[in-house]
Amino acid sequence: MARKNREEVASWDVEPEPVLCPMCERVIPDDQKDAHHLVPKSKGGKKTVCLHRICHYQIHAIFTDSQLAKKFSTIEAILEDPAVQKFVAWVKGKHPSFSASAKEPRQAFGSGRGRKQ
Ligand SMILES: [Zn+2]
Ligand SMILES: [Zn+2]
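These numbers come from a predicted model, not from an experiment.

Visitor: Mind showing me how you'd approach the overall build of the protein chain here?
Guide: Scanning the protein chain from terminus to terminus reveals five helices and two strands. Along the chain direction, N to C, the helices and strands of the protein chain fall in the order α-β-β-α-α-α-α. Among the 117 residues that make up the protein chain, the fraction classed as buried is 14%. A separation of at least 24 residues holds for 52% of the contacts in the protein chain among residues at least 6 apart in sequence.

Visitor: Would you explain the environment of histidine 37 in this entry?
Guide: As for its placement among the helices and strands, histidine 37 is situated in strand 1 (residues 33–37). Judged by the 18 C-beta atoms lying within 10 Å of it, histidine 37 is partly exposed.

Visitor: What's the story with unusual backbone geometry in this structure? I'm lost.
Guide: Phi is mostly negative for residues that are not glycine, and the peptide bonds are mostly trans. Positive phi, normally seen in glycine, also occurs at glutamate 25, with a value near 60°. When you line up the elements, glutamate 25 lands in the loop between helix 1 (5–12) and strand 1. A tally of 9 C-beta atoms within 10 Å means that glutamate 25 is categorised as exposed.

Visitor: I keep staring at the packing of helix 2 (residues 53–62) against helix 5 (residues 82–91) and nothing clicks. Help me out?
Guide: Packed helices, taken two at a time, are described by the angle their axes make and the gap between the axes. As a packed pair, helix 2 and helix 5 sit with axes 11 Å apart at the nearest point and diverge in direction by 160°. When the interaxial angle is binned, helix 2 and helix 5 end up roughly antiparallel. Crossing hand, helix 2 versus helix 5: right-handed. Here Ile54, Cys55, Gln58 and Ile62 of helix 2 come into contact with helix 5, specifically with Ala83, Val84, Phe87 and Val91.

Visitor: Explanation requested: the environment of leucine 68 in the structure shown.
Guide: Inspection of the secondary structure assignment puts leucine 68 in helix 3 (residues 65–70). For leucine 68, a count of 23 C-beta atoms within 10 Å puts it in the buried group. For the pair formed by leucine 68 and proline 40, sequence separation is 28 residues and the distance between their alpha carbons is 7.0 Å. Setting aside residues up to four positions removed in sequence, leucine 68 forms contacts with Val39, Pro40, Phe63 and Ser73.

Visitor: Teacher, can you tell me more about the nonpolar core here?
Guide: Note on soluble globular proteins: their nonpolar side chains tend to be buried together. Ranked by size, the top nonpolar core spans six residues in total: Cys21, Met23, Cys24, Ile28, Leu51 and Cys55. Discounting chain neighbours no more than four positions away, the residues touching methionine 23 are Leu51, Cys55, Ile75 and Val88. Counting five residues, the second largest nonpolar core, distinct from the first, contains Phe63, Leu68, Ile78 and Val84.

Basis of the calculations
- Residues numbered from 1 in each chain as written.
- Chains lettered and ligands numbered in written order.
- Predicted model: local features only at pLDDT ≥ 70, side-chain atom pairs only at ≥ 80, totals over all residues.
- Helix = DSSP H or I, 4+ residues; strand = E, 2+ residues; numbered from the N terminus.
- Buried ≥ 20, exposed ≤ 12 C-beta atoms within 10 Å, placed from the backbone.
- Contact = placed C-beta atoms within 7 Å.
- Axes fitted to C-alpha atoms, helices over the stretch in contact; angles between N-to-C directions.
- Parallel < 35°, antiparallel > 145°, perpendicular 65-115°, else oblique.
- Left-handed = near helix turned anticlockwise from the far one by under 90°.
- Core = buried A, V, L, I, M, F, W, Y, C linked by C-beta atoms within 7 Å.

Structure, rendered in structure tokens:
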């Protein structure tokens, strides 16, 4: 019999906490979440932070793995770099789900059903 009904209803109330990107301080949509190793995995790092894919990509475009391991193993250090500051200032003006690679892999849109007006 249906005796777990109540639990299922209760879980609807719980909204997932928005995750903020420590780089640009905007909310990270689920499909833009990317884990960055503060010390690169290749250098034995384990700790990760959650960033926008585009912010993450930018870190690796600016720094090499050895630079990250030696000098830029914290978000604070990364944010002090002028190239990063320039990027952050630019990306802050974009929509949170903006991504430079303009692919939208999961757009289940317009399957021919009537739209509400
Ligand atoms: Zn990374
Ligand atoms: Zn970001």
